[in-house]
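Chain residues, written in single-letter form:
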Amino acid sequence: SARVYRTSAPEFELSNFEIRAQETPRVTDRRGPEIVFCEQGKLELACGAERLSLAQAESLFIAAAEPAYTITGEGRLFRAAVGRD
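The following paragraphs examine the structure supplied in this document. (Residues numbered from 1 in each chain as written. Predicted model: local features only at pLDDT ≥ 70, side-chain atom pairs only at ≥ 80, totals over all residues. Heavy atoms only, no water.)

**Regarding the overall build of the protein chain**
On a plain count of helices and strands, the protein chain comes out with zero helices and seven strands. Helices (α) and strands (β) of the protein chain occur, in sequence order from the N terminus, as β-β-β-β-β-β-β. Taking 2.2 N^0.38 as the reference for a compact globule, 85 residues should give roughly 12 Å; the C-alpha atoms of the protein chain span a radius of gyration of 12 Å, in line with that estimate. Along the longest, intermediate and shortest principal axes, the C-alpha atoms of the protein chain span 35 × 25 × 20 Å. By sequence separation, contacts in the protein chain at least 24 residues apart represent 68% of the contacts at least 6 residues apart. As displayed, the protein chain has an accessible area near 5,100 Å², and 51% of this comes from carbon and sulfur atoms. (Helix = DSSP H or I, 4+ residues; strand = E, 2+ residues; numbered from the N terminus. Rg over C-alpha atoms; globule rule 2.2 N^0.38 Å. Contact = heavy atoms within 4.5 Å. Areas by Shrake-Rupley, 256 points an atom, 1.4 Å probe, with all protein chains shown as cover.)

**Things to note about the environment of Ala64**
In this structure, Ala64 sits in the loop between strand S6 (59-62) and strand S7 (69-81). Considered as a pair, Ala64 and Arg30 are 34 residues apart in the sequence and their alpha carbons are 7.8 Å apart. Sequence-distant contacts of Ala64, defined by excluding residues within four places in its chain, comprise Arg30, Gly32 and Pro33.

**So, the pattern of salt bridges**
Under the defined criterion, the tally for this structure stands at six salt bridges. Between Arg79 and Asp29 there is a salt bridge, with its nearest N and O atoms 3.3 Å apart. Pair noted here: Arg79 is in strand S7 and Asp29 is in the loop between strand S3 (26-27) and strand S4 (34-47), with a separation of 50 residues, a long-range link. Looking at Arg79, the relative accessible area reads 2%, which means it is buried. Since its relative accessible area comes to 33%, Asp29 is described here as partly exposed. Residue Arg76 is joined to Glu39 by a salt bridge in which the shortest nitrogen-to-oxygen separation is 2.5 Å. Pair noted here: Arg76 is in strand S7 and Glu39 is in strand S4, with a separation of 37 residues, a long-range link. (Salt bridge = Lys/Arg side-chain N within 4 Å of Asp/Glu carboxyl O. Buried < 20%, exposed > 50% of the residue type's maximum accessible area, 1.4 Å probe, protein only.)

Structure (structure tokens):
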């Protein structure tokens, strides 16, 4: 599950995901482009038919056009996203 850190800026929100090997969270609450950063471990993100590997200290940009993505592997992921109103 994700822990959400709200900021004073309505345009920005930070989430922290602790991913365990047996979990496969699907991120569907997208409101725009995102940057995801693997802080620890090794993860894989599936966006449609595309699969992207993400190791410790690596980041990815996820376009606003992607409706959802799935996270597999084991590690800690941070997600910088558009804030909620």
